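Examination of the molecular architecture
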Amino acid sequence: MKQTQPPGRPRLTLIVNQNAIRRADQMTNNKTSQSSGGEDAFCAALINGLSLQLQSHFVRQFLNEILAERNLRTVLGTRLPGHGRNAQWVVQVVRPVAEHAQRRAQGTTEEREAVYAATILLGIDYCFLSVMRGKYDAPDALKTIVWSAVQRLDRNSPKAAFVLRTCMRWGNFDEEDYFADWLESRMHHAMDVLKLIAY
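Note that this is a predicted model, so its numbers are computed, not measured.

Describing the pattern of salt bridges
Inspection of the entire model under this criterion finds three salt bridges. A salt bridge links Arg-95 to Glu-99, with the nearest nitrogen and oxygen atoms 3.0 Å apart. Of the two residues, Arg-95 and Glu-99 are both situated in helix H5 (residues 90-104); the distance of four residues between them amounts to about one turn of the helix. Across the salt bridge formed by Asp-154 and Arg-165, the nearest N and O atoms sit 3.6 Å from each other. Of the two residues, Asp-154 sits in helix H7 (residues 141-156) while Arg-165 sits in helix H8 (residues 158-168), which places them eleven residues apart along the sequence. Relative accessible area serves as the criterion here: at 32%, Asp-154 is assigned to the partly exposed category. Overall, Arg-165 belongs to the buried group, its relative accessible area being 13%.

Right, dumping it as C-alpha cells:
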C-alpha cells in the first residue's frame, strides 16, 4: 500500500553524504593515533584552558608561556594511577586546588592570579621528577625550565612575580612566609588524597 503525503507538509528527501562519513572516520582514526602518540585532545583542551579565566594580561602571558613547554604539558597530561577507567589527569587535580588557592588569597586580582599560577606550578613540581625520571634528575629542573618566563613576569609585573616566587620558594629567604607554607601544605594534602604519591 502506497503512503500518501499529509496535506500541507513538504516532501523531504534524505541525502547521505558518504564523503562526510569517511572524513569522520579519518578524524576518529587521527584522534586515536594522537592519543596513543601524544596528548589526548580533551586533556590538551584542559591544559590550554588553564589560563582562559585570568584577567591579568601578564600572568596569563606567563602561564601560556610555561604551558607551551612540552615537558610541563607531559606532566599535566599524566594519568593518575589507581583510578581505573576514569583515571584523572594531573591537570584535573591541580586546577581545582589552584582555583581554591586563588579564592583564598589576599591582594589585587593580579596577585591572586599569581597564586593560581604558582599553585599550578607547585602541582607540576610535585610530580615533575617522577614523571620525567631519567630525563631530568636535578631538584631544581622545573625552575630552570620556567626561569626566563619568571624573569619576564618580574619585568612586566613585579608584584605578581614576587607572589609567584614566594609561593614557589624561589625568592629571598625573607620573602618566604606563613602563606607559602600554607599553600604548599594545601597542595601536598590534595595530592596525597588522590594518591599522586604512588608514582
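Considering the confidence of the model for the chain
Averaged over all residues, the pLDDT of the chain is 76; the fraction at 70 or higher stands at 63%. Element-level mean pLDDT values for the chain span from 40 in helix H1 (residues 18-37) up to 96 in helix H3 (residues 57-67). Predicted confidence is poor over residues 19-37, with pLDDT under 50, and the contacts of this stretch with residues over four places away or in other chains come to four contacts.

Some thoughts on the nonpolar core
Ranked by internal contacts, the top residues of the largest apolar core, which has 47 residues, are Phe-62, Leu-63, Ile-66, Leu-121, Phe-128 and Val-146. Of all elements in the fold, only helix H2 (41-48), H3, helix H4 (70-76), H5, helix H6 (109-131), H7 and H8 reach the threshold of two or more residues within this core. Broken down by element, the residue count for this core peaks at eleven residues, all from H6.

Description of the packing of aromatic side chains
If you walk through the whole model with that rule in mind, you get two aromatic pairs. With centroids separated by 5.9 Å and ring planes inclined at 50°, the aromatic side chains of Phe-42 and Trp-89 adopt a geometry described as tilted. Of this pair, Phe-42 sits in helix H2 while Trp-89 sits in the loop between H4 and H5, and the two are 47 residues apart along the sequence. Assessed through its relative accessible area of 7%, Trp-89 is described here as buried.

A short note on the packing of H6 against H8
Relative to each other, H6 and H8 sit at 35°, their axes nearing to 8 Å. As H6 packs across H8, the resulting crossing turns out to be right-handed. For the pair H6 and H8, contact is made by Glu-110, Glu-111, Ala-114, Val-115, Ala-117, Ala-118, Leu-121, Leu-122 and Asp-125 and by Lys-159, Ala-160, Val-163, Leu-164, Cys-167 and Met-168, respectively.

Some thoughts on the environment of Lys-143
Among the secondary structure elements, Lys-143 is positioned in helix H7. Of the residues examined, Lys-143 reaches a relative accessible area of 28% and is grouped as partly exposed. Lys-143 sits 22 residues away from Leu-121 along the chain, and the two C-alpha atoms are 9.5 Å apart.

Conventions we followed
- Residues numbered from 1 in each chain as written.
- Predicted model: local features only at pLDDT ≥ 70, side-chain atom pairs only at ≥ 80, totals over all residues.
- Heavy atoms only, no water.
- Salt bridge = Lys/Arg side-chain N within 4 Å of Asp/Glu carboxyl O.
- Helix = DSSP H or I, 4+ residues; strand = E, 2+ residues; numbered from the N terminus.
- Buried < 20%, exposed > 50% of the residue type's maximum accessible area, 1.4 Å probe, protein only.
- pLDDT = per-residue confidence, 0-100.
- Contact = heavy atoms within 4.5 Å.
- Core = buried A, V, L, I, M, F, W, Y, C linked by side-chain atoms within 4.5 Å.
- Phe/Tyr/Trp six-rings, centres within 6.5 Å; stacked < 30°, edge-to-face > 60°.
- Axes fitted to C-alpha atoms, helices over the stretch in contact; angles between N-to-C directions.
- Left-handed = near helix turned anticlockwise from the far one by under 90°.

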